[in-house]
Amino acid sequence: MAVNVITSDLTVSTRDDVQLSVRPVESGDVEMLVDFFRSVSVDDRRFRFLSAQAHVGLNQLAPLIEVDHWQSENFLAFDADTGALVATAMLACDARMELGEVAVSIRHDYKGRGVGWAMLDLLSKAAQDRGLKQVIAIEDRENHAAIELEREKGFTPRPFAGDPGLVVLTKTF
């Protein structure tokens, strides 16, 4: 199997022609991520972490920083023109490297500009490069925009066992 893992900056264009410079997270990115999540709407923070905390703490950021760049990866997307961090896209794989979970967060002023679309494409490619058979996204049922986007990108929804407030969306490769 040929593996093509992103190890340096990659330029990605969104459907609205926003140029993104994307790279894997680095250990020194903690403060940047703290600032980034201040620019994510309250609802989107709740949807991302499935909790209603007012601020994202270091315990929530640890899994986004402490990645091994294979079984777990977090991509950071920067506006190529301004250098601003506009999105984070996480892939966390199971031990057998068959199933991965994806999660994307986007700065509130970049929503609706194709950033989520581009990041889901990037995560799907990263999952396929790792040989995964499926990826899932766990969404709050109220997160209609993410659910619709994931459906457009080929994810199939189903109820989340044991929690009627959540839905699991699955994409099979």
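What you see is a predicted model; the values in this text were computed from it and never measured. (Residues numbered from 1 in each chain as written. Predicted model: local features only at pLDDT ≥ 70, side-chain atom pairs only at ≥ 80, totals over all residues. Heavy atoms only, no water.)

**Quick look at the packing of aromatic side chains**
Basically, it comes down to this: Side-chain rings of Phe, Tyr and Trp (the six-membered ring for Trp) are treated as a pair once their centres are within 6.5 Å; stacked means planes under 30 degrees apart, edge-to-face means over 60, and tilted covers the remaining angles.
Following the criterion strictly, the structure yields one aromatic pair and no others. For the ring pair F36 and F37, a centre distance of 4.9 Å and an interplane angle of 75° mean the geometry is edge-to-face.

**Let's talk about the pairing of strand β4 (residues 85-93)**
Filter applied, for reference: Any residue under 20% of the maximum accessible area for its type is buried, any over 50% is exposed, and the rest in between are partly exposed; the area is computed with a 1.4 Å probe on protein chains only. Elements are defined by DSSP. Helices are runs of H or I of four residues or more, strands are runs of E of two residues or more, and each kind is numbered from the N terminus. One bridge is not enough; two strands pair if DSSP finds at least two bridges between them.
Burial within β4 is extensive, with eight of its nine residues counted as buried. Both strand β3 (residues 72-79) and β4 contribute to a ladder of seven bridges, which runs antiparallel. Across the sheet, the residue bridging to E73 is L91, located in β4. Here β3 folds back onto β4 in antiparallel fashion, the turn holding five residues, of which G83 has a positive phi close to 80°. Looking at chain direction, β4 and strand β5 (residues 99-106) are connected through seven bridges and run antiparallel. Of the residues in β5, the one forming a bridge with T88 is S105.

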